[in-house]
Amino acid sequence: MHQQQGCMRHDAMRKEEIRTLHEIGAITVGQSPRVDVMPDLEPLLSGIRVIQKGALDGMTREEMKKIEPEPGDYVLVSRLQDGSSVRMSEKFILPIIQQYIDAFNRQGVEGILMLCTGEFPHFTSHIPLLYPQKLLKAVTMAVLEEHQTLGILTPDSSQVQQARKRWLGYGASRVCVEAASPYLSEQDVIQAGLRLKEQGASLIVMDCIGYTQNMKDIVHRETGLSVILGRTVAARIAAELFG
(Lines give C-alpha, C1' and ligand atoms only; values in the text may rest on other atoms or scores of the structure.)
Protein backbone atom coordinates (compact mmCIF):
# COMPACT_ATOMS: atom_id res chain seq x y z
CA MET A 1 0.00 0.00 0.00
CA HIS A 2 2.79 2.40 0.95
CA GLN A 3 4.63 1.54 -2.27
CA GLN A 4 1.47 2.22 -4.29
CA GLN A 5 0.98 5.61 -2.61
CA GLY A 6 4.63 6.46 -3.29
CA CYS A 7 4.18 5.66 -6.98
CA MET A 8 1.02 7.79 -7.11
CA ARG A 9 2.86 10.75 -5.56
CA HIS A 10 5.72 10.31 -8.02
CA ASP A 11 3.30 10.23 -10.98
CA ALA A 12 1.53 13.35 -9.68
CA MET A 13 4.84 15.18 -9.31
CA ARG A 14 5.87 14.10 -12.81
CA LYS A 15 2.60 15.39 -14.29
CA GLU A 16 3.05 18.69 -12.45
CA GLU A 17 6.60 18.96 -13.82
CA ILE A 18 5.33 18.42 -17.36
CA ARG A 19 2.63 21.07 -16.86
CA THR A 20 5.15 23.65 -15.67
CA LEU A 21 7.53 23.22 -18.62
CA HIS A 22 7.81 26.37 -20.70
CA GLU A 23 7.01 25.98 -24.40
CA ILE A 24 8.50 27.88 -27.32
CA GLY A 25 8.21 27.44 -31.05
CA ALA A 26 11.21 27.09 -33.35
CA ILE A 27 11.14 27.66 -37.10
CA THR A 28 13.85 26.49 -39.49
CA VAL A 29 13.97 27.64 -43.11
CA GLY A 30 14.75 24.04 -44.07
CA GLN A 31 13.01 20.92 -42.78
CA SER A 32 12.26 19.93 -39.21
CA PRO A 33 13.16 18.40 -36.88
CA ARG A 34 16.66 19.88 -36.71
CA VAL A 35 18.33 16.86 -35.15
CA ASP A 36 21.69 18.45 -35.94
CA VAL A 37 20.91 21.59 -33.92
CA MET A 38 19.00 20.46 -30.85
CA PRO A 39 21.81 18.46 -29.15
CA ASP A 40 23.71 21.74 -28.69
CA LEU A 41 20.60 23.70 -27.69
CA GLU A 42 18.91 21.31 -25.27
CA PRO A 43 21.48 21.63 -22.44
CA LEU A 44 21.02 25.41 -22.59
CA LEU A 45 17.21 25.21 -22.71
CA SER A 46 16.59 23.26 -19.52
CA GLY A 47 12.91 23.34 -18.59
CA ILE A 48 11.86 24.53 -22.06
CA ARG A 49 9.96 22.36 -24.54
CA VAL A 50 10.77 23.27 -28.14
CA ILE A 51 8.14 22.65 -30.83
CA GLN A 52 9.77 22.63 -34.27
CA LYS A 53 8.43 23.55 -37.69
CA GLY A 54 10.20 23.88 -41.04
CA ALA A 55 9.43 26.09 -44.02
CA LEU A 56 10.20 23.18 -46.35
CA ASP A 57 8.38 20.47 -44.38
CA GLY A 58 6.59 18.14 -46.80
CA MET A 59 8.13 19.78 -49.86
CA THR A 60 9.49 17.54 -52.63
CA ARG A 61 12.78 18.06 -54.48
CA GLU A 62 10.82 19.15 -57.55
CA GLU A 63 8.97 21.76 -55.52
CA MET A 64 12.28 22.99 -54.04
CA LYS A 65 13.58 23.76 -57.54
CA LYS A 66 10.92 26.47 -57.74
CA ILE A 67 12.43 28.34 -54.75
CA GLU A 68 16.05 28.30 -55.91
CA PRO A 69 17.75 31.72 -55.82
CA GLU A 70 17.60 33.99 -58.82
CA PRO A 71 20.21 36.66 -59.60
CA GLY A 72 20.13 39.36 -56.92
CA ASP A 73 18.11 37.30 -54.43
CA TYR A 74 18.95 37.07 -50.72
CA VAL A 75 20.24 33.51 -50.41
CA LEU A 76 19.53 31.17 -47.50
CA VAL A 77 21.07 27.73 -46.91
CA SER A 78 19.52 25.11 -44.65
CA ARG A 79 19.29 21.41 -43.90
CA LEU A 80 16.82 18.80 -45.11
CA GLN A 81 15.66 15.77 -43.14
CA ASP A 82 18.01 13.47 -45.08
CA GLY A 83 21.01 15.52 -43.90
CA SER A 84 21.67 17.23 -47.23
CA SER A 85 21.56 21.01 -47.66
CA VAL A 86 19.51 23.23 -49.92
CA ARG A 87 19.87 26.79 -51.25
CA MET A 88 16.76 28.92 -51.51
CA SER A 89 15.61 32.46 -52.15
CA GLU A 90 14.32 34.06 -48.97
CA LYS A 91 11.41 35.75 -50.75
CA PHE A 92 9.75 32.42 -51.58
CA ILE A 93 9.53 31.15 -47.99
CA LEU A 94 8.52 34.31 -46.12
CA PRO A 95 4.74 33.63 -46.41
CA ILE A 96 5.26 30.08 -45.08
CA ILE A 97 7.20 31.38 -42.09
CA GLN A 98 4.46 33.89 -41.30
CA GLN A 99 1.89 31.07 -41.37
CA TYR A 100 3.89 29.15 -38.77
CA ILE A 101 4.27 32.27 -36.65
CA ASP A 102 0.49 32.77 -36.76
CA ALA A 103 -0.05 29.13 -35.76
CA PHE A 104 2.36 29.39 -32.82
CA ASN A 105 0.59 32.55 -31.65
CA ARG A 106 -2.73 30.70 -31.66
CA GLN A 107 -1.15 27.71 -29.92
CA GLY A 108 -0.12 29.83 -26.96
CA VAL A 109 3.63 29.21 -26.78
CA GLU A 110 5.65 31.81 -24.87
CA GLY A 111 7.94 32.80 -27.71
CA ILE A 112 9.36 31.82 -31.09
CA LEU A 113 12.99 31.21 -32.04
CA MET A 114 14.08 31.41 -35.66
CA LEU A 115 16.56 28.62 -36.40
CA CYS A 116 18.42 30.65 -39.02
CA THR A 117 20.94 33.50 -38.84
CA GLY A 118 19.67 35.12 -42.04
CA GLU A 119 18.19 38.60 -42.06
CA PHE A 120 14.41 38.71 -42.26
CA PRO A 121 11.85 41.44 -42.78
CA HIS A 122 9.38 42.20 -40.01
CA PHE A 123 6.99 39.38 -39.18
CA THR A 124 3.75 39.92 -37.29
CA SER A 125 3.71 38.26 -33.87
CA HIS A 126 2.03 39.06 -30.57
CA ILE A 127 4.59 36.99 -28.66
CA PRO A 128 8.38 37.50 -28.58
CA LEU A 129 10.14 36.48 -31.80
CA LEU A 130 13.89 35.94 -31.52
CA TYR A 131 16.07 36.51 -34.57
CA PRO A 132 19.53 34.90 -34.15
CA GLN A 133 21.08 37.40 -36.58
CA LYS A 134 20.06 40.35 -34.39
CA LEU A 135 21.39 38.59 -31.30
CA LEU A 136 24.61 37.63 -33.07
CA LYS A 137 25.07 41.22 -34.23
CA ALA A 138 24.55 42.62 -30.73
CA VAL A 139 26.99 40.22 -29.08
CA THR A 140 29.66 40.55 -31.77
CA MET A 141 29.61 44.33 -32.02
CA ALA A 142 29.69 44.59 -28.22
CA VAL A 143 33.06 42.81 -28.05
CA LEU A 144 34.68 43.74 -31.38
CA GLU A 145 37.25 46.52 -31.03
CA GLU A 146 37.30 49.26 -33.66
CA HIS A 147 40.77 48.34 -34.94
CA GLN A 148 40.04 44.60 -35.20
CA THR A 149 39.23 42.61 -38.33
CA LEU A 150 36.08 40.50 -38.11
CA GLY A 151 36.15 37.04 -39.67
CA ILE A 152 32.86 35.56 -40.88
CA LEU A 153 32.12 31.94 -41.77
CA THR A 154 29.13 31.48 -44.08
CA PRO A 155 27.85 28.23 -45.68
CA ASP A 156 27.89 29.03 -49.40
CA SER A 157 30.08 31.06 -51.77
CA SER A 158 26.96 32.83 -53.07
CA GLN A 159 26.55 34.35 -49.57
CA VAL A 160 30.04 35.85 -49.27
CA GLN A 161 29.24 39.29 -50.66
CA GLN A 162 25.92 39.64 -48.82
CA ALA A 163 27.65 38.62 -45.56
CA ARG A 164 30.46 41.16 -46.05
CA LYS A 165 27.96 43.91 -46.84
CA ARG A 166 25.81 43.01 -43.85
CA TRP A 167 28.62 43.06 -41.28
CA LEU A 168 30.17 46.23 -42.66
CA GLY A 169 26.71 47.73 -42.35
CA TYR A 170 26.61 46.70 -38.69
CA GLY A 171 29.66 48.84 -38.04
CA ALA A 172 32.67 46.52 -38.39
CA SER A 173 35.52 48.48 -39.96
CA ARG A 174 37.21 45.47 -41.59
CA VAL A 175 35.51 42.21 -42.57
CA CYS A 176 36.83 39.06 -44.22
CA VAL A 177 34.48 36.23 -45.21
CA GLU A 178 35.09 32.59 -46.05
CA ALA A 179 32.53 30.03 -47.23
CA ALA A 180 32.40 26.50 -45.79
CA SER A 181 29.22 24.46 -45.49
CA PRO A 182 28.52 22.98 -42.05
CA TYR A 183 26.53 20.26 -43.83
CA LEU A 184 29.42 18.81 -45.86
CA SER A 185 32.93 18.63 -44.40
CA GLU A 186 34.10 19.61 -40.93
CA GLN A 187 37.62 19.84 -42.32
CA ASP A 188 36.46 22.50 -44.82
CA VAL A 189 35.16 24.56 -41.89
CA ILE A 190 38.49 24.26 -40.10
CA GLN A 191 40.44 25.28 -43.20
CA ALA A 192 38.13 28.27 -43.74
CA GLY A 193 38.78 29.35 -40.15
CA LEU A 194 42.52 29.14 -40.73
CA ARG A 195 42.18 31.27 -43.88
CA LEU A 196 40.34 33.91 -41.85
CA LYS A 197 43.24 33.97 -39.39
CA GLU A 198 45.71 34.38 -42.27
CA GLN A 199 43.70 37.40 -43.44
CA GLY A 200 44.13 39.04 -40.04
CA ALA A 201 40.84 38.18 -38.31
CA SER A 202 40.84 38.86 -34.57
CA LEU A 203 37.44 37.29 -33.95
CA ILE A 204 35.46 34.66 -35.90
CA VAL A 205 31.66 34.54 -36.15
CA MET A 206 30.06 31.29 -37.32
CA ASP A 207 27.17 32.91 -39.16
CA CYS A 208 24.82 29.97 -39.67
CA ILE A 209 22.69 27.85 -37.33
CA GLY A 210 24.22 24.77 -38.98
CA TYR A 211 27.66 25.27 -37.44
CA THR A 212 28.05 23.09 -34.36
CA GLN A 213 29.60 23.47 -30.92
CA ASN A 214 32.21 20.89 -31.92
CA MET A 215 33.13 22.94 -35.01
CA LYS A 216 33.46 26.03 -32.84
CA ASP A 217 35.71 24.22 -30.39
CA ILE A 218 38.00 22.90 -33.14
CA VAL A 219 38.23 26.24 -34.98
CA HIS A 220 39.05 27.96 -31.69
CA ARG A 221 41.74 25.38 -30.93
CA GLU A 222 43.28 25.48 -34.42
CA THR A 223 43.26 29.26 -34.82
CA GLY A 224 43.69 30.42 -31.24
CA LEU A 225 40.97 33.00 -31.89
CA SER A 226 37.74 33.68 -30.04
CA VAL A 227 34.78 32.18 -31.91
CA ILE A 228 31.11 33.17 -31.57
CA LEU A 229 28.55 30.51 -32.50
CA GLY A 230 25.14 31.59 -33.77
CA ARG A 231 23.09 28.68 -32.40
CA THR A 232 24.31 28.91 -28.82
CA VAL A 233 24.03 32.71 -28.66
CA ALA A 234 20.37 32.36 -29.66
CA ALA A 235 19.74 29.53 -27.19
CA ARG A 236 21.28 31.41 -24.26
CA ILE A 237 19.03 34.42 -24.86
CA ALA A 238 15.99 32.14 -25.22
CA ALA A 239 16.89 30.51 -21.90
CA GLU A 240 17.24 33.93 -20.28
CA LEU A 241 13.77 34.95 -21.46
CA PHE A 242 11.79 31.73 -21.14
CA GLY A 243 13.76 29.41 -18.83
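To keep things clear, this report deals only with the structure shown in the data block.

As a further point, take the sheet that holds strand β1 (residues 22-28). Within the open sheet, the four strands sit side by side as β2-β1-β5-β6. Their pairing is parallel. Each edge of the open sheet is held by one strand with a lone partner, namely β2 (48-54) and β6 (129-130). With two bridges joining them, strand β5 (residues 111-114) and β6 adopt parallel strand pairing. Bridging from a neighbouring strand, L113 pairs with L130 of β6. Of the strands in this sheet, β1, β2, β5 and β6 touch helix α4 (residues 90-107), which is tilted by about 170° from β1.

To continue, consider the environment of V227. Along the chain, V227 falls in strand β10 (residues 226-229). Along the chain, V227 and G200 lie 27 residues apart, while their C-alpha atoms are 14 Å from each other. Excluding residues that lie within four positions of it along the chain, V227 makes contacts with I204, M206, K216, V219 and H220.

Looking now at the pairing of strand β4 (residues 85-89). Across five bridges, the pairing between strand β3 (residues 75-79) and β4 is antiparallel. By the bridge assignment, L76 is partnered in β4 with M88. If you look at the hairpin formed by β3 and β4, you'll find five residues sitting between the two strands, and G83 has a positive phi there, around 95°.

What follows is about the packing of helix α5 (residues 132-143) against helix α6 (residues 160-170). When two helices pack together, their arrangement is captured by the angle between the axes and the distance separating the axes. It is the contact of α5 with α6, at a shortest axis distance of 11 Å, that shows an interaxial angle of 55°. Regarding the angle of α5 to α6, the classification is oblique. Between α5 and α6 lies a crossing of right-handed hand. Residues Q133, L136, K137, T140 and M141 of α5 form the contact with α6, whose participating residues are R166, W167 and Y170. Counted by class, the contact of α5 with α6 contains four nonpolar, two polar and two charged residues.

Conventions adopted
- Residues numbered from 1 in each chain as written.
- Predicted model: local features only at pLDDT ≥ 70, side-chain atom pairs only at ≥ 80, totals over all residues.
- Heavy atoms only, no water.
- Pairing = 2+ DSSP bridges.
- Helix = DSSP H or I, 4+ residues; strand = E, 2+ residues; numbered from the N terminus.
- Contact = heavy atoms within 4.5 Å.
- Axes fitted to C-alpha atoms, helices over the stretch in contact; angles between N-to-C directions.
- Parallel < 35°, antiparallel > 145°, perpendicular 65-115°, else oblique.
- Left-handed = near helix turned anticlockwise from the far one by under 90°.
- Nonpolar A, V, L, I, M, F, W, Y, C, P; charged D, E, K, R; others polar.

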